[in-house]
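The chain contents come next:
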Amino acid sequence: MNKNTIVTILAVIGGIVVLGWVLKLAVKLFVPLLLIGVGVAVYLAVKDNKRIGGPK
């Protein structure tokens, strides 16, 4: 094996490790972001309903 092959193998292993960290962080942040998104959607729905039934 020459130097380029070793560097390529190490780069692939490093990429897999970094991708694992990114996925772990994304999974940890998914639930709070989902709750925030649902809260914003509910707020906008309630706000729009008040506008439809409110005074003109």
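Anything mentioned here points back to the structure above.
Figured I'd write up the structure that's included with this text. Keep in mind it's a predicted model, so treat the numbers as computed, not measured. (Residues numbered from 1 in each chain as written. Predicted model: local features only at pLDDT ≥ 70, side-chain atom pairs only at ≥ 80, totals over all residues. Heavy atoms only, no water.)

### Section: the overall build of the protein
Applied cut-off: Where helices and strands are cited, they refer to DSSP runs of H or I of at least four residues and of E of at least two residues respectively, numbered from the N terminus. Relative accessibility under 20% of the residue-type maximum defines a buried residue, over 50% an exposed one, and the middle range a partly exposed one, all with a 1.4 Å probe and only protein chains included. Under the convention used here, a 1.4 Å probe and the Shrake-Rupley method define accessible areas, while residue burial counts only the protein chains that appear.
Secondary structure summary: the protein contains one helix and zero strands in total. Residues classed as buried in the protein amount to 0% of the 56 residues present. Per element, the accessible surface of the protein, about 5,300 Å² overall, is 77% carbon and sulfur.

### Re a nonpolar patch on the surface
Rule in force here: Like charges within 9 Å and nonpolar side chains (Val, Leu, Ile, Met, Phe, Trp, Tyr) within 5 Å are joined into patches, using only residues over 30% in relative accessible area that form no salt bridge. Throughout this description, the term salt bridge denotes a Lys or Arg side-chain nitrogen within 4 Å of a carboxyl oxygen of Asp or Glu.
Residues Met1, Ile6, Ile9, Leu10, Ile13, Val17, Val18, Trp21 and Val22 make up a contiguous nonpolar surface patch of roughly 940 Å² in combined accessible area. Position of leucine 10 among the secondary structure elements: in helix H1 (residues 3-53).

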